[in-house]
Protein chains: 2
Amino acid sequence: MAQASAAACETVGTRNTKQRALVLDAVRSLHNHPTSAEIYEVVHQQNPNVSRATVYRNLGVLSDRGEVLRIPVPNAADRYDFRCDNHFHAKCERCGGVFDIETEGVDPFARITKDYGFQVTGFDLAFSGICSQCANGEADC
Amino acid sequence: MAQASAAACETVGTRNTKQRALVLDAVRSLHNHPTSAEIYEVVHQQNPNVSRATVYRNLGVLSDRGEVLRIPVPNAADRYDFRCDNHFHAKCERCGGVFDIETEGVDPFARITKDYGFQVTGFDLAFSGICSQCANGEADC
DNA sequence: TTTCCTGCAAACTCTTTGCATATGG
DNA sequence: CCATATGCAAAGAGTTTGCAGGAAA
């Protein structure tokens with residue numbers, strides 16, 4: 001349910017560089033929904049020559065490929081997840097921490113407080129897709 | 001269901017200036033989920049002396065007061081809504097347009113395509129609230 | 001040997017902030 | 001009066017991009 005990406009045709013002809021492998025390893029080693037800054041720190045420790053721009057570019061490629069999951073956090077830096085399966089995220093208003101919310105079973109909303117001790121006071125939700133006018137090939141909508 | 005705000009105690013002692021009224025009028029006149037830039041354009045047409053900073057500050061005050069609804073859009077500028085009741089928003093991947101999705105009745109997710117012609121391919125969702133550790137008064141989580 | 005990728009730095013978007021001045025209640 | 005608001009400009013966070021050189025395939 002999180003961010004569906006067209007992982008197929010956009011990634012033909014992409015290469016596997018050392019830098020890209022470092023970024024992927026960093027995301028896989030960090031299980032706390034790291035920001036690009038945190039990923040950069042890890043990558044930079046392995047190889048101080050890797051630039052921020054390369055980390056950003058590779059996070060884009062890897063999330064297009066479906067090898068990492070991009071989590072756009074409202075009013076905050078994007079976060080990345082080594083888990084690519086469908087799950088919700090919950091952000092604490094106080095500490096800013098981002099938590100996984102499993103979506104197995106029914107009624108995940110009502111179960112959040114019970115199962116995670118997370119008191120939901122609100123959420124930000126935006127669907128992505130194609131609107132009817134665009135689907136019909138009309139110019140602008 | 002959208003962005004719960006503590007509209008009460010944060011807004012004591014706020015004033016009603018001409019600029020603030022202009023911002024509120026602009027949001028109420030724009031029914032297309034305007035960005036701050038679009039709101040600024042309208043305000044600026046009424047009074048070219050009003051600065052961007054004032055528009056931003058007043059959008060913050062007005063959404064704290066509950067007079068406008070702030071819609072944080074992932075990877076895009078925040079949008080504002082004259083409607084303050086609970087409803088979802090859907091953003092078209094092609095044209096970037098933001099649409100209202102009513103939440104009355106059950107199973108709004110499954111009804112989106114049928115009722116709005118909007119083909120949902122994914123969505124970005126982040127709950128807000130208080131995590132159990134913060135609720136228990138622990139230092140960091 | 002061509003196409004993709006990299007590093008660097010600069011640019012870019014959106015938003016916030018410091019400061020001196022103005023103004024609403 | 002004086003706390004709140006304002007305008008200006010500058011800073012800030014997060015991210016993207018132009019370019020020349022470098023390295024996968």
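Criteria and thresholds
- Residues numbered from 1 in each chain as written.
- Chains lettered and ligands numbered in written order.
- Predicted model: local features only at pLDDT ≥ 70, side-chain atom pairs only at ≥ 80, totals over all residues.
- Heavy atoms only, no water.
- UniProt positions renumbered as here; feature names shortened; annotations may be inferred.
- Helix = DSSP H or I, 4+ residues; strand = E, 2+ residues; numbered from the N terminus.
- Buried < 20%, exposed > 50% of the residue type's maximum accessible area, 1.4 Å probe, protein only.
- Core = buried A, V, L, I, M, F, W, Y, C linked by side-chain atoms within 4.5 Å.
- Contact = heavy atoms within 4.5 Å.
- Near = heavy atom within 4 Å.
- Polar contact = N/O pair within 3.5 Å; in protein donor to acceptor, adjacent residues only side chain to side chain.
- Nonpolar A, V, L, I, M, F, W, Y, C, P; charged D, E, K, R; others polar.

## Digging into the UniProt feature "binding site: Zn(2+)" (unreviewed entry) in chain A
Residues and elements named next belong to chain A.
In step 1: Annotation from UniProt places "binding site: Zn(2+)" (unreviewed entry) at C92, C95, C131 and C134.
In step 2: The residue C134 is located in helix 5 (residues 132-135) in this model.
In step 3: In this structure C134 comes out as buried when scored by relative accessible area, which is 9%.

## Observations concerning the nonpolar core
In step 1: If you look at the biggest cluster of nonpolar residues, it comprises 15 residues, and the most contacted ones within it are B:V23, B:I39, B:V43, B:V55 and B:L59.
In step 2: Going through the elements one at a time, helix 1 (18-29), helix 2 (36-46) and helix 3 (52-65) of chain B are the ones with two or more residues in this core.
In step 3: The contact partners of B:V23, leaving out residues within four places of it in the chain, are B:I39, B:V43, B:V55, B:N58, B:L59 and B:L62.
In step 4: In terms of nonpolar packing, the next biggest core, distinct from the first, is built from 14 residues, A:L24, A:V55, A:V68 and A:Y80 among them.

## Some thoughts on the protein's contact with DNA strand D
In step 1: Around DNA strand D, the surrounding shell holds 22 residues, and the nearest of these are A:Y56, B:R15, B:T17, B:T54 and B:R57.
In step 2: Taken together, the sugar and phosphate atoms account for 62% of what DNA strand D places within 4 Å of the protein.
In step 3: A distance of 2.6 Å separates a phosphate oxygen of DNA strand D from a polar side-chain atom of B:T17.
In step 4: Every element with two or more residues in the surface near DNA strand D is listed here: helix 3 (52-65) of chain A together with helix 1 and helix 3 of chain B.
In step 5: No other element matches the 4 residues that helix 3 of chain B contributes to the surface near DNA strand D.
In step 6: When the residues that make up the surface near DNA strand D are grouped by side-chain class, the tally is 5 nonpolar, 10 polar and 7 charged.

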